[in-house]
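Given next are the chains, with one letter for each unit.
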Amino acid sequence: GSPSHQYQLNRAGANRLSLQEVILPSIASEVNGVLKQKQSKAQRNVKDGMPDSQGKEVVKAIETCRKVVSKCTAKAMKAVGDAWREREKEGERLRLENYDEEKEQKR
């Protein structure tokens, strides 16, 4: 396959982080970490016999949140990747166009 976007940014000396490969996964990881902590606390509440509003309902809501975070992150990463690939294709098309024009001018 082709080199990763982060690898290309590093090689170009861009001093940037890839949205698709670094930033979005980092945000998802951080959010899911916090949600896991909250879920763990709610699960302890269930074991301790707390009311559903502090236990079971909270666990279910957090599980839903974690699924949403994962799905949204995956969709965002795909959209960013698609946009990047489209820019790469367009850049290649323009380079070929310029090459052909330069070739024509030399004739």
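Everything below is about the structure printed above this text.
The rules behind the values
- Along each chain, residue indices are assigned from 1 in the same order as the chain's sequence is written.
- Reporting in this predicted model follows two pLDDT cut-offs: at least 70 for local features of residues, and 80 or more for side-chain atom pairs to be given and counted; totals over whole chains, interfaces and linings ignore these cut-offs and use all residues.
- Where side-chain values are given, they derive from all heavy atoms of the structure, hydrogens and water being excluded.
- Numbered from the N terminus, helices here are DSSP runs of H or I no shorter than four residues, and strands are runs of E no shorter than two.
- To sort residues, take the accessible area from a 1.4 Å probe on protein chains only and compare it with the maximum for the residue type: under 20% means buried, over 50% means exposed, and anything in between is partly exposed.
- Salt bridges, as used here, are contacts in which a Lys or Arg side-chain nitrogen is within 4 Å of a carboxyl oxygen on Asp or Glu.
- Residue contacts are counted whenever heavy atoms from the two residues lie within 4.5 Å of one another.
- Cysteine sulfur pairs qualify as disulfides if the two atoms are within 2.5 Å.
- Pairing of N or O atoms within 3.5 Å defines a polar contact, subject to two protein rules: one partner must be a possible hydrogen donor and the other a possible acceptor, and residues neighboring in sequence count only if both atoms are side-chain atoms.

On to the environment of Lys56. On the secondary structure map, Lys56 appears in helix α3 (residues 56-106). On the basis of relative accessibility, which here comes to 53%, the residue Lys56 falls in the exposed class.

One pass over the full model with this rule turns up five salt bridges. Between Asp82 and Arg85 there is a salt bridge, with the nearest N and O atoms lying 2.9 Å from each other. With Asp82 and Arg85 both in helix α3 and three residues apart, the pair spans about one turn of that helix. By relative accessible area, Asp82 is classed as partly exposed at 33%. Residue classification places Arg85 among the partly exposed positions, given a relative accessible area of 39%. When salt bridges that share partners are traced, they join Lys78, Asp82 and Arg85 into one network.

One can find Asn32 in helix α2 (residues 19-47). Here Asn32 falls in the buried class, since its relative accessible area comes to 14%. Not counting residues within four places of it along the chain, the set of residues in contact with Asn32 comprises Arg66, Val69 and Ser70.

The final tally for this structure, using the stated rule, is zero disulfides. Cys65 takes part in no disulfide bond, and the closest cysteine sulfur to it belongs to Cys72, at a distance of 11 Å. Exposure remark for Cys65: the relative accessible area of 38% places this residue in the partly exposed category. Classification of Cys72 as partly exposed rests on a relative accessible area of 48%.

Structurally, Ser18 can be placed in the loop between α1 (5-11) and α2. Of the residues examined, Ser18 reaches a relative accessible area of 0% and is grouped as buried. A polar contact of 3.4 Å, which involves the side chain of Ser18, links it to the backbone nitrogen of Gln20. Those residues in contact with Ser18 that lie beyond four places of it in its chain are His5, Gln6, Leu9 and Ile23.

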